[in-house]
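These are the residues of each chain, in order.
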Amino acid sequence: MSLLWRNWAGNVRSHPRRVLHPTSTAEVVEAVHAARGEGLPVKAYGAGHSFTPIAATEGVLLRLDRMDALVWHDAATRRVRVQAGTSLHRLNPLLQSLGLALPNLGDIDPQSVAGAVSTGTHGTGARLQGIAAAVVGVQLVTSDGDVVEIDETHPWFGAARVGLGALGVVTELTLQCVPAFLLHAREEPMRLPEVLERLPELVEENDHFEFYWFPHTEKALVKRNNRVPEGTERQPVGRLRHLVDDELLSNGLFEVVNRVGARFRSAVPRVNQVSGSALSAREYVDQSHKVFVSPRRVRFCESEFAMPRGALHDVIAALQRWFAAGHETVAFPIEVRFTAADDVWMSTGHERDNCYVAVHQYHRLDPAAYFRAAQDVFTAHEGRPHWGKMHTLDADYLRQRYSRFDDFVAVRDELDPQRVFSNPYLDRVLG
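Anyway, here's the lowdown on the structure attached to this text. Note that the structure is predicted; figures quoted are calculated from it, not measured.

If you walk across this open sheet you meet the 3 strands as β3-β5-β4, and the pairing is parallel. Edge positions in the sheet fall to β3 (18–20) and β4 (42–45), since each has one partner strand and no second. This sheet shows a mean twist of 25° between the axes of neighbouring strands, independent of strand direction. Of the strand pairs in this sheet, β3 and strand β5 (residues 60–63) are connected by 3 bridges, and their pairing is parallel. Paired with Val19 across the strands is Leu61, a residue of β5.

Given below as structure tokens:
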């Protein structure tokens, strides 16, 4: 009987020969040795939350969900070592119990820490970097079954932090954390022209800033999250407000809106006007990970690109023209975020301060035309695709966008010359 694997969104499927659940680095080594002896490729995954086939394989699939232990932590240096399959949902409260936190996070937390790091998950913050920038050590199982420890002094360090699953199986990660902190969250509706006019102020004067724009409208939701002085008390969202805003409106009603929009496409612009007008302002203070992370139960597909910050106005204008031309109606808001440059070779933030623009489509609809049009806009502005989100670009294009691209491929050639860890997606994006 053939096995079927699918990702969270349901847009990627594969038929692995077998699925294994290792609990230790030693068991990963055994699995790699066995697969190579049979001439089978190997891929590892955490939660299957990537929208690309980056983890798909017809060979041996390693599900790392049982590798979720805290290996050690050092209170003096605030460093923590965890197994690669540890979900962010588990990691964040674990760090909180140690008085620690990651400096930045994305807005969902089911991903494994290795999956989030390996695909370049980033979050938002003009002076902050993605999650991979917090990685100070990587334990990697190579195609020969060797266990390699890669730290800040290792020549492969720049490649290993966002490794795309192309260098080997990440089995443990060491993270540089910061003291646990509270965020003051301020969320409010704002007209898109005002957001764009005030963008320098909003981006630079807030620790974490992002906004959501409702297509076919000039309505947006602005989110500002800022660290508060030590000693500030938590003032979390009340239970009733959480149920109404985050469960009923953002998930339950939003599912209904998308089902209606999928059936009656012409109604979407009017629905978006109503959705944007239904938003209300709120403020609260809570632990950082509880502010960063929101429940996301409506399934979708996503494409996201990083571009120089100065390109954002032109990018938004081009998307507005495409919607105005009547090509397609889209119910999902467009998400815009910002991060600082880093030195990770295959990070979308490599040596560049970025804006990120993410487009989404309800999982029951074909996203191809919308995402293709958005990709054309993004690539016209030096866009770098998020490695875990949908795009159709190949190595010829990506080599132009990453100054260390060939250096990364050289490390891949050294660690995996037989392409044990490859698949069609990696063959396309890396050559």
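This part covers the packing of aromatic side chains. Summed over all chains, the structure comprises 14 aromatic pairs. Arranged with centres 6.2 Å apart and planes meeting at 40°, the rings of Phe209 and Phe211 form a pair that is tilted. Phe211 carries the same exposure label as Phe209, and that label is buried. Grouping aromatic residues by their ring pairs yields a cluster made of Trp213, Trp322, Phe323, Tyr370 and Phe371.

Right, let's talk about the pattern of salt bridges for a bit. Here the structure, examined in full by the defined rule, presents 29 salt bridges. For the salt bridge of Arg282 with Glu187, the shortest nitrogen-to-oxygen distance reads 2.8 Å. Here Glu187 lies in strand β13 (residues 182–191) and Arg282 lies in strand β16 (residues 282–287), a separation of 95 residues in the sequence. There is no split in this pair, since Arg282 and Glu187 are both buried. In this structure, Glu201 engages Arg198 in a salt bridge whose closest nitrogen and oxygen atoms are separated by 2.8 Å. If you follow the salt bridges from partner to partner, you end up with Glu302, Glu304, Glu335, Arg337 and Lys389 in one network.

Reading the values: the criteria
- Each chain carries its own residue numbering, running from 1 in the direction its sequence is written.
- Since the coordinates come from a predicted model, pLDDT governs what is reported: local features require at least 70, and pairs of side-chain atoms require 80 or more to be given and counted, while whole-chain, interface and lining totals use all residues.
- To get the side-chain values, all heavy atoms of the structure are used, and hydrogens and water are removed first.
- We treat two strands as partners when DSSP finds at least two bridges between them.
- By definition, any uninterrupted DSSP run of H or I lasting at least four residues is a helix, any uninterrupted run of E lasting at least two residues is a strand, and each is numbered from the N terminus.
- A fitted line through C-alpha atoms represents every axis, and for helices the fit uses only the stretch in contact; the resulting angles, taken between N-to-C directions, go from 0 to 180 degrees.
- Stacked, tilted and edge-to-face pairs are distinguished by plane angle, under 30 degrees for stacked and over 60 for edge-to-face with tilted covering the rest, among Phe, Tyr and Trp rings (Trp via its six-membered ring) whose centres lie within 6.5 Å.
- For each residue, the accessible area found with a 1.4 Å probe, counting protein chains only, is set against the maximum for its type, and the residue is called buried under 20%, exposed over 50%, and partly exposed in between.
- A side-chain nitrogen of Lys or Arg and a carboxyl oxygen of Asp or Glu constitute a salt bridge if their distance falls within 4 Å.

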